Each structure stands twice: as structure tokens, then as C-alpha cells.
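# Structural description and commentary
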Amino acid sequence: MSDKKLKIAIVSSKGGVGKSTIAMQLVAPYLYEKNNHQPIAYYEADDDNSDRLSFGGSSLTKRESIEVFTPLLRDNLTDIFATNETTCLDIGGNKTTNTVIEALNDSGMIHFLDLVVIPLLDGEQDSINATIVYSLMKGYNSKLKFIFVLNRAQSHKYVKYQFENYFGDVRGIFQDVYSLKHYLFEEDKNRYAVMVEHDIIKYSRRFGLTTYEIALQERDFISELKLNMSEMSQEQEVRLLSFKNYVSKSAKSYHEDVLQLAFKELDKVLQGEKNES
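So, here is what we can say about the structure in this document. The structure presented is a predicted model; accordingly, all values stated were derived computationally and were not measured.

## Observations concerning empty space enclosed by the protein
- Under the definition given, this model contains 1 cavity of 30 Å³ or more.
- Roughly 30 Å³ of internal volume is contained in the largest cavity.
- Every element with two or more residues in the lining of the largest cavity is listed here: β1 (7–10), α2 (73–82) and β4 (87–91).
- Take the lining of the largest cavity: its biggest share by element is 3 residues, from β1.
- Residue composition of the lining of the largest cavity, by class: 6 nonpolar, 1 polar and 1 charged.

## Describing the nonpolar core
- Residues Met137 and Tyr166 are the most contacted members of the largest nonpolar core, which totals 81 residues.
- By residue number, the principal contributor to this core is helix α10 (residues 235–270), which donates 10 residues.
- When residues no more than four places from it in sequence are discounted, the contact partners of Met137 are Val11, Ile101, Ile110, Leu113, Val116, Leu144 and Phe146.

## Describing the sheet that holds strand β6 (residues 146–153)
- Spatially, the 7 strands line up as an open sheet ordered β3-β2-β4-β1-β5-β6-β7, and their pairing is parallel. Whereas interior strands pair on both sides, the edge strands pair on one side only; in this sheet they are β3 (61–65) and β7 (192–196). Ignoring strand direction, the axes of neighbouring strands in this sheet form an average angle of 20 degrees.
- For strand β2 (residues 40–45) and β3, the ladder comprises 5 bridges, and the chain directions are parallel. Considered in β3, the bridge of Ala41 is made with Lys62.
- The sheet contacts of helix α3 (residues 95–107) involve β2 and β4, and relative to β4 the element is tilted by about 135 degrees.
- Against the sheet, α10 makes contact with β5 (115–120), β6 and β7, and its axis sits at roughly 165 degrees relative to β7, the strand it touches most.

## Brief notes about the packing of α2 against α3
- One way to put it is that α2 packs onto α3 with a least axis distance of 9 Å and a crossing angle of 70 degrees. Looking at the two axes, α2 sits roughly perpendicular to α3. The handedness of the crossing between α2 and α3 comes out as right-handed. Together, Leu73, Arg74, Leu77, Thr78 and Phe81 of α2 and Thr99, Val100, Ala103, Leu104, Asp106 and Ser107 of α3 make up the contact between the two elements.
- The residue inventory of the contact of α2 with α3, partitioned by class, reads 6 nonpolar, 3 polar and 2 charged.

## Observations regarding the packing of aromatic side chains
- One pass over the structure, following the stated rule, counts 13 aromatic pairs.
- Here the aromatic rings of Phe148 and Tyr166 are separated by 5.6 Å at their centres, their planes lie at 50 degrees, and the arrangement is tilted. With a gap of 18 residues between them, Phe148 in strand β6 and Tyr166 in helix α6 (residues 164–167) connect regions that are remote in the sequence. Take Phe148 and Tyr166: they sit in the same class, and that class is buried.
- Here the aromatic rings of Tyr212 and Phe263 are separated by 6.4 Å at their centres, their planes lie at 55 degrees, and the arrangement is tilted. With Tyr212 in helix α8 (residues 211–215) and Phe263 in helix α10, the pair connects residues that are 51 residues apart, well separated along the chain.
- Overall, the relative accessible area of 4% leaves Phe263 in the buried class.
- Among the aromatic residues, ring-to-ring pairing joins Tyr134, Phe146, Phe148, Tyr166, Phe167, Phe185 and Tyr192 into one connected group.

How each quantity is defined
Residues numbered from 1 in each chain as written. Predicted model: local features only at pLDDT ≥ 70, side-chain atom pairs only at ≥ 80, totals over all residues. Heavy atoms only, no water. 1 Å grid on protein atoms, 1.4 Å probe; cavity = no way out; pocket = protein on both sides within 12 Å on 5 of 7 lines; lining within 4 Å. Points joined across faces, edges and corners; volume = space filled by probe spheres on them. Helix = DSSP H or I, 4+ residues; strand = E, 2+ residues; numbered from the N terminus. Nonpolar A, V, L, I, M, F, W, Y, C, P; charged D, E, K, R; others polar. Core = buried A, V, L, I, M, F, W, Y, C linked by side-chain atoms within 4.5 Å. Buried < 20%, exposed > 50% of the residue type's maximum accessible area, 1.4 Å probe, protein only. Contact = heavy atoms within 4.5 Å. Pairing = 2+ DSSP bridges. Axes fitted to C-alpha atoms, helices over the stretch in contact; angles between N-to-C directions. Parallel < 35°, antiparallel > 145°, perpendicular 65-115°, else oblique. Left-handed = near helix turned anticlockwise from the far one by under 90°. Phe/Tyr/Trp six-rings, centres within 6.5 Å; stacked < 30°, edge-to-face > 60°.

Here it is in C-alpha cells:
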């Protein structure tokens, strides 16, 4: 494993696109692996929400909040980047987005970001907001690396049809000038990862864990289920174990079929590999 302490920011000015979900379910596990399976620093810059609290049982991160609307924001960001820690920076939406981006630029810390992750759904406004954030940050640091995470995709197979506002019109009917991809610098075209919609994302939160952590658990739910089948008084426990078995199997499949593919895409961007045409 590399000894480089990566620093990745997750940012979108539009609310509800799954920034914290992407931060905890994708970026945090990825950084955890890159950090030799040691907990990473996780900072949530959002005065309105504390989504990090939904993962109270997770051991992947050391979670802290950053006060956004304070004169100390630039100093606080400088302290974070000066620390030799692998770091995930989850930046809130709306006014918070511009405030933090400006502070990153004013402090010069925008030049020490290894990667910016921009989540987006399949709506037109998502692409518009993503374009604005991308253009702003690229203007401040033209060498900054980006990847777009297409969140809540129906499947990998149909992602280009679902996210036409990112890829352009794959049917060849409308002009591609309306797609986000049209506005990207050449080095950032085709730099995307996919997060497929699945119940496991929702259920993992209820356990206070990431899907990644559930997938790697070695607990044998089936054996426990069989032991409890003989005790009818433990009917609720049997149902719970059955549900946990479903969650475990779903998490393992999601880890293999979705997360590992997304990890590879993050690797490609960080390693500067050329994009496919």
C-alpha cells in the first residue's frame, strides 16, 4: 500500500444528491483500504446536518464536524490539511458549498486536495449544479482531479440511458451541448463511478455501519438461525437473524459488484490513467 495520506473532498451545491452517503459508503471505505486498514479522519463541514451520526457503529473513520460560518474556517481547513492523516472532507450543500470552496481557495488548501468527488442524480438540475461546482473549483486549481459519482443508478448496464444529463443523448436525438460532459476538460471526461440503488444502503445505516463493513463480517447468520429455529419463543430473534442474513448476503454482493468497481475508478483517476474514448 502507498504511504501517501490522501485527502478527498465530496462536494455538491445541490442538496439530496447523497453526498454523505457517497462519503461514508464509498469514499471512506476506499480511503480506509488505502490507509492500510486504519481509521481515517472524516470531517463534515455542514452546519445544518450531521449525517455522520448515522454511522455511529462504524470503525472506519474518526468523525468530527467543522463549523462553516466562522472567521476561523480558513485556519481550521489549514490545520486539517497540515495534519499527516488520510482525510475525507464531506462538504454540505447550498450556501455551505461556496463558503467552504472559497475558504479552500483563500487558504491555498485547494492545491493540496488529491481528488474532488461530485455526486449527482439523474435530474437536469443535478448536472447544472455539478457543472457550476466543477467550473468554480477547476478555475481555482486547473490541476485538480475530479470524479463524478452517478448515485442511485438502476444498474451499470443502463447507466448511460439513465444519466443522459451527464453523458449526453445516447439515442442521438438531442444536442449533447446540454450534457454535463460537454463542459468538462478533456482530462476529466469519462471519469465517473457508479453507485447502484439497493436496500442495503438504507439498512446499513440502521445498523450504524457501512455496507463495506457488513460485507466483510465473518458472522455465520445461518448457523445462528438454525439454532434458534427450535425455540418458538424466540420467533422474533429468528426473523431478525433471517433479516441479518439477507443484509449480509446483499452487502457482500454489493461490495463485489459495485464498490470494488467504483474503487477501481477512483484508482484510475488518482493514478492519472487516460480515459477511454
